[in-house]
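# Coordinate analysis (summary)
Listed below, chain by chain, are the residues.
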Amino acid sequence: MCKAISNTPPTLAKGFEETNMHARIDRRGQLPENGFRIGKESQVLMMVKGGRCGRVRLKQGEALQIELHFKEKPTAPAARLYSNLSASGEFCEVDMRAAGPGVFQIQCPTEKAGTFFFTLQYTMDGQQWYWLRGELWQLLVFPRPLQSLRLYTLIPTASGPMHQWKTVLQRAAELGFNMVHLLPVTKQGGSQSPYAAADLFTLEPDFLPEGTDPSSMEIFEEFVEEAQRLGLGLCLDLVLNHVAIDSELAQRCPHWIYPDATEPDGLKRNGFHGHDGFHKWDDLALINYQHPDPRVRRAIWEHMEGYALFWGYYAAATGGMIRLDNLHSTDPAFAMHITHKLRREYPDLGILAELFTHPEATQKILQHYAVDLLLATTWEHHFSGELRRYFRYIHETTPVIPWFTPINSHDSGVPAEEFANVQATRPRYILCALLGIGATGLTQGVEVGIEEKINFIGRQPVVPPSATQHDFWPLIQRTHELMTHYSVFQQQGNVEFLDHGHVAIIAAARLSRTPGEPHALVIANLDIHQAQSILLDLQPIGLGQSSLTDAFSMHAWTLEGHTLHCTLEPCGFQVILIEKK
């Protein structure tokens, strides 16, 4: 029954006099008087080198370069950078220097990796100060280990016991890889999937010598030390969304799992949304990061934070990175918390994420998460037109979305399966390595031309160093040398396609911004059956009449005109270094 609303004002409680109320109001905090106003677009123009859409990505050690141009004629102009790039990480102001009438500049070195924010303050008359209109810009400083990233994925289920994995590390180092991605090595549930952990802090017993305590990290730490000795970083997987349905967590703390009354055990399963609906993974229990009881929620967050920091420590010790599995289905609040927590604890640790959503959502997510690289699915683009458009998209979005472009992943097929011919490895790896932004890789076995992917679930035969008659070692080694020695292959937005939409050939120039460094021409035939020819006109990009060197055969010649005729065998390629005469 509803009570009638009274028009009589409520009486004050006994002892609560009017003077006390006034005193309480008087004790309220006062707003600061800093005299700032929000500026107008008509007043100034800010230009950030390499920046786009309020975001700029730099390599660790590069300088943030900003210019501010006054549009209106100022009487006593001045400008300052406001950012948290300071050594302490606290926001502060730094004066910009005058570089001409109405122009101010600043260059700030980026000594620390991580995510930072900045904007500008300015005055027209030396008295009234303004904030630059708009949101703070985001600066992503790329850790040094991720510059020219060459990532080899080791499949534990096909590599024998853990003490033998050192030979895989040695093989990866010989191939010119600088980081090794290790699928989860935590104790597995009954499905024998590395992504269905039975215990987040102990090792899978099947990877250890018989009788070894799986809670002891001694053998794993020997593996880590070998990676350090070889100069290899380790990329370790973090699986934050779920645990095995028969895991210790799900059994001892079932209230940490989302409830589902339709399941026999009452625990909700994880899964994914495909084109044909939702696909459930019966072996995975979905963690409930938003439990309504704050005590339970805090316990979940602390446990999973401990898990992330535990494995993050080993990755950081090698100058490596962590990989966030299925970031698109991770609780957003916890994902934002844990990426920034990892960044604070291990500033030079790289963060790679698997994030499958539409571009607009991706950009919004990256504004809040401390992520360095996103997985690009190059293998899904089978034909030249599709792949060409994809590489254009990668370079167009790189200032906002940084991409890792491997030829395949442990979830995809190997090139022989994806492209119907193992020789497709040759042009595809060239394109993924030399048309991206300097971050590529492959999975174990691709280097020796295996024709079927290694199933990372269950126990598989060990992959020998020379599993087939195919040998892509020289190709991979030389490609990695080119990536390492020429910054042109690491620069963003410097790709000019010259193939005019050829049905089988992708041909693109990489125009170097580094003084004294040659430009590059990357040409690849994706046709697995027939040779293809193309006539390339270099005049529109100013590279006619140049000195040319084949980067693989080292044959050198002079181009007197401006057209270059190329004929490539099936799955053939050519990489040409160009120096303007």
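Residues numbered from 1 in each chain as written. Predicted model: local features only at pLDDT ≥ 70, side-chain atom pairs only at ≥ 80, totals over all residues. Heavy atoms only, no water.

### Here we look at helix α2 (residues 165-174)
Among the residues making up α2, those that are buried are Trp165, Val168, Leu169, Arg171 and Ala172. In an axial view of α2, the angular spread of the buried residues amounts to 160 degrees, which keeps them on one side of the axis. Against β12 (149-154), β13 (179-182), α3 (218-229), β16 (233-238) and α11 (473-485) lie the buried residues of α2. Count one or two residues on from α2 and you reach glycine 176, which has phi positive near 90 degrees. (Buried < 20%, exposed > 50% of the residue type's maximum accessible area, 1.4 Å probe, protein only. Helix = DSSP H or I, 4+ residues; strand = E, 2+ residues; numbered from the N terminus. Arc of directions from axis to C-beta. Contact = heavy atoms within 4.5 Å.)

### What to know about the environment of threonine 549
Summarising the element assignment, threonine 549 is placed in strand β29 (residues 546-550). Between the C-alpha atom of threonine 549 and that of glutamate 579, which follows or precedes it by 30 residues, the distance is 8.7 Å. Discounting residues that sit within four places of it in the chain, threonine 549 has contacts with Met554, His555, Ala556, Trp557, Val575, Ile576 and Leu577.

### Quick notes on empty space enclosed by the protein
Using the criterion set out here, one finds three cavities of 30 Å³ or more in the structure. Empty space within the largest cavity amounts to approximately 120 Å³. Along the wall of the largest cavity there are 16 residues; nearest its centre are Thr153, His181, Leu375, Phe404 and Ser409. At the level of secondary structure, the elements contributing two or more residues to the lining of the largest cavity comprise β12, β21 (350-353) and β24 (439-443). Ranked by residues supplied to the lining of the largest cavity, first place goes to β24 with three residues. The residue makeup of the lining of the largest cavity, split by class, is seven nonpolar, seven polar and two charged. (1 Å grid on protein atoms, 1.4 Å probe; cavity = no way out; pocket = protein on both sides within 12 Å on 5 of 7 lines; lining within 4 Å. Points joined across faces, edges and corners; volume = space filled by probe spheres on them. Nonpolar A, V, L, I, M, F, W, Y, C, P; charged D, E, K, R; others polar.)

### A look at a negative patch on the surface
There is a patch of like negative charges on the surface, built from Glu218, Glu221, Glu222 and Glu225. Of note, glutamate 218 is situated in helix α3. (Patch = residues over 30% accessible without salt bridge, like charges linked within 9 Å, V, L, I, M, F, W, Y side chains within 5 Å. Areas by Shrake-Rupley, 256 points an atom, 1.4 Å probe, with all protein chains shown as cover. Salt bridge = Lys/Arg side-chain N within 4 Å of Asp/Glu carboxyl O. Lys, Arg positive; Asp, Glu negative; His and termini not counted. Charge placed at Lys NZ, Arg CZ, Asp CG, Glu CD.)

### Some words on the layout of surface pockets
Of the volumes computed, that of the largest pocket is approximately 1200 Å³. Listing elements by their share of the lining of the largest pocket, those giving two or more residues are β18 (269-274), β19 (277-286), α7 (359-366), β22 (373-375) and α8 (384-397). Among the elements that make up the lining of the largest pocket, the one with the highest residue count is β18 (six residues). Taken together, the residues of the lining of the largest pocket sort by class into 17 nonpolar, 19 polar and seven charged.

### Describing the side chain of histidine 480
Relative to the elements of secondary structure, histidine 480 occurs in helix α11. One polar contact links histidine 480 to tyrosine 429, side chain to side chain, over a distance of 2.7 Å. Ignoring any residue separated from it by four or fewer positions in sequence, one finds histidine 480 in contact with Arg150, Leu175, Gly176, Phe177 and Tyr429. (Polar contact = N/O pair within 3.5 Å; in protein donor to acceptor, adjacent residues only side chain to side chain.)

### Focus: the state of the cysteines
The full count for this structure, using the stated rule, is zero disulfides. Here cysteine 92 is not disulfide-linked; the sulfur of cysteine 108 is the nearest cysteine sulfur, at 8.9 Å. With relative accessibility at 29%, the residue cysteine 92 sits in the partly exposed group. (Disulfide = S-S within 2.5 Å.)

### Some words on the pattern of salt bridges
Across all of its chains, the model carries 18 salt bridges by this definition. For the salt bridge of glutamate 248 with arginine 252, the shortest nitrogen-to-oxygen distance reads 2.6 Å. Of the two residues, glutamate 248 and arginine 252 are both situated in helix α4 (residues 248-252); the distance of four residues between them amounts to about one turn of the helix. Exposure remark for glutamate 248: the relative accessible area of 36% places this residue in the partly exposed category. Overlapping salt bridges, with partners in common, bring together Glu263, Asp265, Arg269, Lys280 and Asp282 in one network.

### Concerning the confidence of the model for the protein
The predicted model of the protein has a mean per-residue pLDDT of 91, with 94% of residues at 70 or higher. Overall, residues 1-8 carries pLDDT values under 50, and its contacts beyond four positions in sequence, including any with other chains, amount to zero contacts. (pLDDT = per-residue confidence, 0-100.)

### Digging into the packing of α3 against helix α5 (residues 294-317)
At their nearest, the axes of α3 and α5 sit 9 Å apart, and the two run at 30 degrees to each other. Judged by the inter-axis angle, α3 sits roughly parallel to α5. Of the residues in α5, those touching α3 at Phe220, Glu221, Val224 and Gln228 are Trp311, Tyr314 and Ala317. When the residues that make up the contact of α3 with α5 are grouped by side-chain class, the tally is five nonpolar, one polar and one charged. (Axes fitted to C-alpha atoms, helices over the stretch in contact; angles between N-to-C directions. Parallel < 35°, antiparallel > 145°, perpendicular 65-115°, else oblique.)

### Quick word on unusual backbone geometry
Non-glycine residue asparagine 326 carries a positive phi angle of around 50 degrees. Summarising the element assignment, asparagine 326 is placed in the loop between β20 (321-324) and α6 (332-345). Phi at histidine 500 is positive, roughly 50 degrees, even though this residue is not glycine.

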